[in-house]
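Listed here are the chains, written in short residue letters.
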Amino acid sequence: MIRIALLGATGSIGRSTLEVVRRHGDRFRIVGVSAHRSVDALAGIVDEMEPEVAVVADPSALNGAAATGRAGATEWRSGPEAVAELARRGDVDVVVNALVGAAGLDATLAALEAGHRLALANKESLVAGGPLVRRVLARGSGTLVPVDSEHSAILQCMEGAPRDSVARVVLTASGGPFRGWTSDRLAHVGPDAALKHPTWDMGAKISIDSATLANKSLEVIEAHVLYGLDYDRIGAVVHPQSIVHSFVEFVDGSVLAQVGDPTMELPILYALTYPERRPDPVLRGFDPVAASPLTFEEIDHDAFPLFGLGVDAGRRGGVAPAAFNAGNEIAVAAFLERRVSFPGMARVVDAALEAVGAAEPASVDEVREADREARRAARAEVERLKERTA
Ligand code: MG
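Model, not experiment: these values are computed from the prediction.

Enquirer: Explanation requested: the sheet that holds strand E8 (residues 166-173) in the structure shown.
Expert: A sheet is described by the order of its strands in space; here four strands give the open sequence E9-E8-E10-E11, paired in mixed fashion. The sheet is open, and its two edges are formed by strand E9 (234-238) and strand E11 (255-259), each paired on a single side. This sheet shows a mean twist of 20 degrees between the axes of neighbouring strands, independent of strand direction. Bridge analysis of strand E10 (residues 244-250) against E11 gives five bridges, and the strand direction is antiparallel. Each bridged residue has a counterpart across the sheet, and for Val248 the counterpart in E11 is Leu256. Across the face of the sheet, helix H10 (residues 214-227) comes into contact with E8 and E9 while running at roughly 155 degrees to E8.

Enquirer: What is the right way to look at the sheet that holds strand E3 (residues 53-56) in this model?
Expert: The strands making up a sheet associate through backbone hydrogen bonding, with each pair oriented either parallel or antiparallel. Within the open sheet, the seven strands sit side by side as E4-E3-E2-E1-E5-E6-E7. Their pairing is parallel. Of all the strands in the sheet, just strand E4 (75-78) and strand E7 (143-146) have a single pairing partner and so form its edges. Between one strand and the next, the sheet's axes are offset by a mean angle of 20 degrees, whatever the strand orientation. Here helix H2 (residues 39-49) sits on the sheet in contact with strand E2 (28-35), E3 and E4, set at roughly 165 degrees to E2.

Enquirer: Would you mind showing me how to read the domain arrangement of the protein chain here?
Expert: Interface extent is often summarised as the accessible area lost during association of the parts. Each assigned domain of the protein chain is listed here: domain 1 (2-147) and domain 2 (163-254 + 299-389). Listed per partner, the contact involves 19 residues of domain 1 and 29 residues of domain 2. Buried area between domain 1 and domain 2, both sides added, is near 1800 Å², and the carbon and sulfur share of it is 63%. At the surface where domain 1 touches domain 2, the tally comes to three salt bridges. The salt bridge involving Asp106 is made with Arg368; its shortest N-O contact spans 2.7 Å. Taken together, the links from domain 1 to domain 2 amount to five residue pairs in polar contact (both at pLDDT 80 or more). Mapped onto the side of domain 1 that touches domain 2, the elements with two or more residues apiece are helix H4 (104-113), helix H5 (123-138) and E7. Here the side of domain 1 that touches domain 2 takes ten residues from H5, the largest share from any one element. Class assignment for the residues of the side of domain 1 that touches domain 2 results in eleven nonpolar, three polar and five charged.

Enquirer: Explanation requested: a nonpolar patch on the surface in the structure shown.
Expert: A surface patch of nonpolar side chains, amounting to about 290 Å² of accessible area, comprises Val259, Phe286, Leu294 and Phe296. When you line up the elements, Val259 lands in strand E11.

Rules and cut-offs
- Residues numbered from 1 in each chain as written.
- Predicted model: local features only at pLDDT ≥ 70, side-chain atom pairs only at ≥ 80, totals over all residues.
- Heavy atoms only, no water.
- Pairing = 2+ DSSP bridges.
- Helix = DSSP H or I, 4+ residues; strand = E, 2+ residues; numbered from the N terminus.
- Axes fitted to C-alpha atoms, helices over the stretch in contact; angles between N-to-C directions.
- Contact = heavy atoms within 4.5 Å.
- Domains from an automatic or database assignment.
- Buried area = accessible area lost by both parts, 1.4 Å probe.
- Salt bridge = Lys/Arg side-chain N within 4 Å of Asp/Glu carboxyl O.
- Polar contact = N/O pair within 3.5 Å; in protein donor to acceptor, adjacent residues only side chain to side chain.
- Nonpolar A, V, L, I, M, F, W, Y, C, P; charged D, E, K, R; others polar.
- Patch = residues over 30% accessible without salt bridge, like charges linked within 9 Å, V, L, I, M, F, W, Y side chains within 5 Å.
- Areas by Shrake-Rupley, 256 points an atom, 1.4 Å probe, with all protein chains shown as cover.

Rendered as structure tokens:
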């Protein structure tokens, strides 16, 4: 049995992970689950999976009622430290980190330091904490397997190939709901339109990030951290059908792609069984005729400036990606609250990047300080923009 700690069990990736676990109950056992605030949803998962421990990250959400009087021996805990403790539990084989936002970094470091396999869906861990994660991995502690479809594709294409045989990687991007739109037309779009993703069913934060292409720049930074490729060797291309999940080009000019219908369940299953593969009764192969035609386009940097801003932050390195991520979290939240326009999000992130340098972080505290500073600057910019548009 592979014993799994599922962090972020009630979110989109968490629910997909539970679907996979249900189909492979002879192989996987959930030993711990966490949720940010969704206590009722978490209680339902606890009733079904009967884990050893259930953690609610926000202590104010756990008012005792949900956790008491329930059958079974599940221990209920609360607070961010309890999430990190779940990630480092000795009886866990795989930690699935499906937390949302920069809060996922502590759990990532805890899981790796404990020597676990980390199935990582929290991209902010690598973006904000890239230098710290690389340091832990360089010590030989833990194994990181990405759950993101693009990075899973790259891992699958690189499997068995010497690292110096890789010339470059090309990430694919769906282009989001505003593919082909001009920057003028984008000035007036609101959250409802931005949340309607054409090919992927995801949470609100990542749906907005897909609409702005900030998500793709986060993934470029992730690829840099995961595969040690410099930024000149990481490309991105729009591919509206989301069938090709990424390309890996080798030094002899050969290019491998991993293809399939857009479902997160495949990269989740692969991360749980890596490097083995397991037959699945639901996931099916690729039908090239049904998927035709497959098309590819350049990214429109004018309409989607957050892509370039994010990649530039990656190139600057140090805490600049952390600042980009933090500024972007504030920008997305403000956009969802209709306090900032679609193009205004890039200005908010720019202000965060301006306020924070690119010093190399020596500790989680220094990453956190950069994160706080970036959020302060981003919030101030949200206020300033609001005054201007009022
Ligand atoms: Mg992705």
